[in-house]
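Results of the structural survey
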Amino acid sequence: MSATKLPRTRRRLLVVDDEPQILVAISDLFEDDFEVLTAGDGWTALRLLEEHDVSVILSDQRMPGMPGDEFLHRARDLSEATRVLVTGYTDITALVRAVNIGKIHAYVAKPWNPVELRAIVMNAAAQYELTQDLSHERSLLKALMDNVPDAIFFLDRGLRFERANRAQAEHLGEDDPRELVGKTIADFLPSAVAEGILADERRALETGEMVVDKIERQETPQGICTWMSTTKAPIRNKQGEIVGLVGISRNITGRRLAEEALQRAHDDLERIIELRTRKLKQEIAERMRAEEMLIEAKEMAESANRAKTAFLANMSHELRTPLNAIIGFADLMHSHIMGPVGNEKYEEYIYNIYESGIHLLNIISDILDVSRIEAGKIKLQESDVNLPAIAQGAMRMMEHLAEEGELTAVVEIFGEVPRVFADERLVKQALLNLLSNAIKFTPPKGRVAVRVAEQRDGSVTLSVSDSGIGISATDIERVLQPFGQVESSLARKHAGTGLGLPLAKAFMDLHGGRFELLSEVGKGTTAGMHFPAERVLRGQIATL
């Protein structure tokens, strides 16, 4: 038997008896093993069989209206259930009649013994399941034989057909597979072809070895040449003796013709490839020359970029020295250390010189930072950093600008924020740039907030939010590039180089963090510096 089994549901036992107490006793006896259906007469039992699948029918012989043997006879037309008759010794004639016409599997004599009755019913249930499995196996085999397009056949030890499917019959020129039974392949194919096939089959019977995927050239009775791929295997009985062969053949004529066509196409393709290869070699040589020119251009661009970076660094250094002198002397004159200037207008000019010098010095510092970042010369000076304290300090430094712009400026610390391991100078510089931008580009009566918070993923965020003019989505990428600026009425009022946002982003990249810029025109902007969880110092809470 095959290992394939039908899916099992809870088995049903139909008990038919006109005595209610008997129905109750038998139901109690089998309730753990079966779903028990009961009926007091044959007609009710027949209706139950129309509605339910039943494994075993246990029927009493003596019942009003329809005796048990007649009921079981009628039940055969409705159910494949195994039938058991319960009868007394006086019903021996009905029992013999029921057995002789094959209507029952077993009988139980009254008065019945519960142990004996249980054994008979369980055996009947096993018989039913075995019959169902066998029926299922036969259905699978029939479906396979009827529907598989390949030829399938079974041979006895005399190499005569015992069974074959329609595909095999049609291949041998017959319409009905039964026409093959009892005949050999020699009855259908020319002797020269048949002898070779029979020799292979005899060898398989003698050695017990399979014939696997053997290509056989066959000529049909109609004179048509075909190619078959055939596999044959020995069939053994329970004692391990070879009693026949099973085979399956597939018509591969189409495949053989395709292989021949493929070979012709292959030959043509080789000729085409040879021509194409020569052309590709020419194209590759041209491409290599183009790549060499591209590499040369790239090296020139990189050299120009290094020269630019070096120039900016040198110029920034050269400008710092005289600029510091200008700022120092302007501050000295403005402070009247050497005495009054003597003219109020000059006082105003001196202050303008001082402020312009400071602004220019900041621009030069930013340009120098950009050049150092591009050259990869910035090294982090890391320490334990208190972000809430940095936020408060930056706000104090920029508070006078917020007041001049009639803005509300606040610092918001959310919960207990741990310290981070970072470069404090770069963090301060980035925050001051972001805060300066927020104040510059927020109209009067607006709001600017510096926020510090620990996120759910363990990272810590230092952000600046404003209710200013905002940045359109199309301009976000531009403002994150060095010297990138967006035209607006507020932007024209404030001098700047467009280096604040790119520097903040570059500083966060150096820390392995993330810089995020969210903005909407007319509603405001939020610039966030996200320090990764690996830079957060757990257990070290930042305090003000």
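Residues numbered from 1 in each chain as written. Predicted model: local features only at pLDDT ≥ 70, side-chain atom pairs only at ≥ 80, totals over all residues. Heavy atoms only, no water.

Next up on the list: the packing of aromatic side chains. A full pass over the atoms with the stated rule returns 3 aromatic pairs. Seen in terms of ring centroids, phenylalanine 30 and phenylalanine 34 are 5.9 Å apart; in terms of plane orientation they differ by 75 degrees. Their pairing is edge-to-face. No difference in accessibility class separates phenylalanine 30 from phenylalanine 34, as the two residues are buried. Note on phenylalanine 161 and phenylalanine 188: the rings are 6.4 Å apart at their centroids and 70 degrees apart in plane angle, and the pair reads as edge-to-face. With phenylalanine 161 in strand E7 (residues 161–164) and phenylalanine 188 in the loop between helix H6 (166–171) and helix H7 (191–207), the pair connects residues that are 27 residues apart, well separated along the chain. Its relative accessible area of 4% is what places phenylalanine 161 among the buried residues. Taken together through their ring pairs, the aromatic side chains of Phe153, Phe161 and Phe188 make up a single cluster. (Phe/Tyr/Trp six-rings, centres within 6.5 Å; stacked < 30°, edge-to-face > 60°. Buried < 20%, exposed > 50% of the residue type's maximum accessible area, 1.4 Å probe, protein only. Helix = DSSP H or I, 4+ residues; strand = E, 2+ residues; numbered from the N terminus.)

Right, let's get into the sheet that holds strand E3 (residues 56–60). Pairing in this open sheet of 5 strands is parallel, and the strands run E2-E1-E3-E4-E5 from one edge to the other. Pairing within the sheet leaves two strands with one partner each, and these edge strands are strand E2 (35–39) and strand E5 (106–109). For this sheet, the mean angle separating the axes of adjacent strands, direction not counted, is 20 degrees. Relative to E5, strand E4 (residues 82–87) is paired through 4 bridges, and the arrangement is parallel. By the bridge assignment for E5, valine 84 is matched with alanine 106. Where helix H1 (residues 20–30) meets the sheet, it contacts strand E1 (12–16), E2 and E3, and its direction lies at approximately 170 degrees from that of E2. (Pairing = 2+ DSSP bridges. Axes fitted to C-alpha atoms, helices over the stretch in contact; angles between N-to-C directions. Contact = heavy atoms within 4.5 Å.)

Another point: the sheet that holds strand E16 (residues 514–520). What the 5 strands build is an open sheet, ordered E12-E14-E15-E17-E16; its pairing is mixed. Where the open sheet ends on each side, the last strands, each with one partner, are strand E12 (408–414) and E16. Averaged over all adjacent pairs, the angle separating strand axes in this sheet is 10 degrees, with direction ignored. Where E16 and strand E17 (residues 524–531) come together, 7 bridges link them in antiparallel fashion. When the sheet's bridge partners are listed, arginine 514 is paired in E17 with histidine 530. In this fold helix H14 (residues 500–510) packs onto E16 and E17, with an angle of close to 145 degrees to the strand it touches most, E16.

Let us look at the pattern of salt bridges. Tallied over the full model, the rule gives 25 salt bridges. For glutamate 70, the salt bridge is made with arginine 74, and the minimal N-O distance between the two is 3.2 Å. With a gap of 4 residues between them, glutamate 70 and arginine 74 both fall in helix H3 (residues 68–75), about one helical turn apart. The partly exposed category is assigned to arginine 74, whose relative accessible area is 34%. In this structure, arginine 535 engages glutamate 382 in a salt bridge whose closest nitrogen and oxygen atoms are separated by 2.7 Å. One end of the pair, arginine 535, is in the loop between E17 and strand E18 (536–541); the other, glutamate 382, is in strand E11 (residues 382–385), with 153 residues separating them in the sequence. (Salt bridge = Lys/Arg side-chain N within 4 Å of Asp/Glu carboxyl O.)

Relative to the helices and strands, asparagine 386 is located in the loop between E11 and helix H10 (387–404). Sequence separation of asparagine 386 and phenylalanine 421 is 35 residues, and the distance between their C-alpha atoms is 9.2 Å. Residues contacting asparagine 386, with those up to four places away along its chain left out, are Arg419, Ala542 and Thr543. At 2.6 Å, the side chain of asparagine 386 and the backbone oxygen of threonine 543 are in polar contact. (Polar contact = N/O pair within 3.5 Å; in protein donor to acceptor, adjacent residues only side chain to side chain.)

What follows covers the packing of H10 against helix H11 (residues 424–440). Here H10 crosses H11 at 35 degrees, and the two axes come no closer than 10 Å. You can see that H10 and H11 cross each other, and the crossing is right-handed. Facing Leu387, Ile390, Ala391, Ala394, Met395, Met397, Met398, Leu401 and Ala402 of H10, the residues of H11 in contact are Glu424, Val427, Lys428, Leu431, Leu432, Leu435, Ser436 and Ile439. Counted by class, the contact of H10 with H11 contains 14 nonpolar, 1 polar and 2 charged residues. (Left-handed = near helix turned anticlockwise from the far one by under 90°. Nonpolar A, V, L, I, M, F, W, Y, C, P; charged D, E, K, R; others polar.)

On to the side chain of aspartate 17, then. Here aspartate 17 lies in the loop between E1 and H1. Within the buried core, aspartate 17 has no salt-bridge partner, and the shortest N-O distance to an opposite charge, that of lysine 110, equals 4.7 Å. A polar side-chain atom of aspartate 17 sits 2.9 Å from the main-chain amide nitrogen of glutamate 19. If we ignore the near neighbours within four places in the chain, the residues touching aspartate 17 are Ile22, Leu23, Ala39, Gly40, Asp60 and Met63. (Lys, Arg positive; Asp, Glu negative; His and termini not counted.)

Counting 43 residues, the largest nonpolar core has Leu387, Leu435, Leu462, Phe515, Leu517, Met529 and Phe531 as its most contacted members. Here this core gets 8 residues from one element, more than from any other, and that element is H11. Phe161, Ile185, Phe188 and Val211 belong to the second-largest nonpolar core, a separate cluster that totals 20 residues. (Core = buried A, V, L, I, M, F, W, Y, C linked by side-chain atoms within 4.5 Å.)

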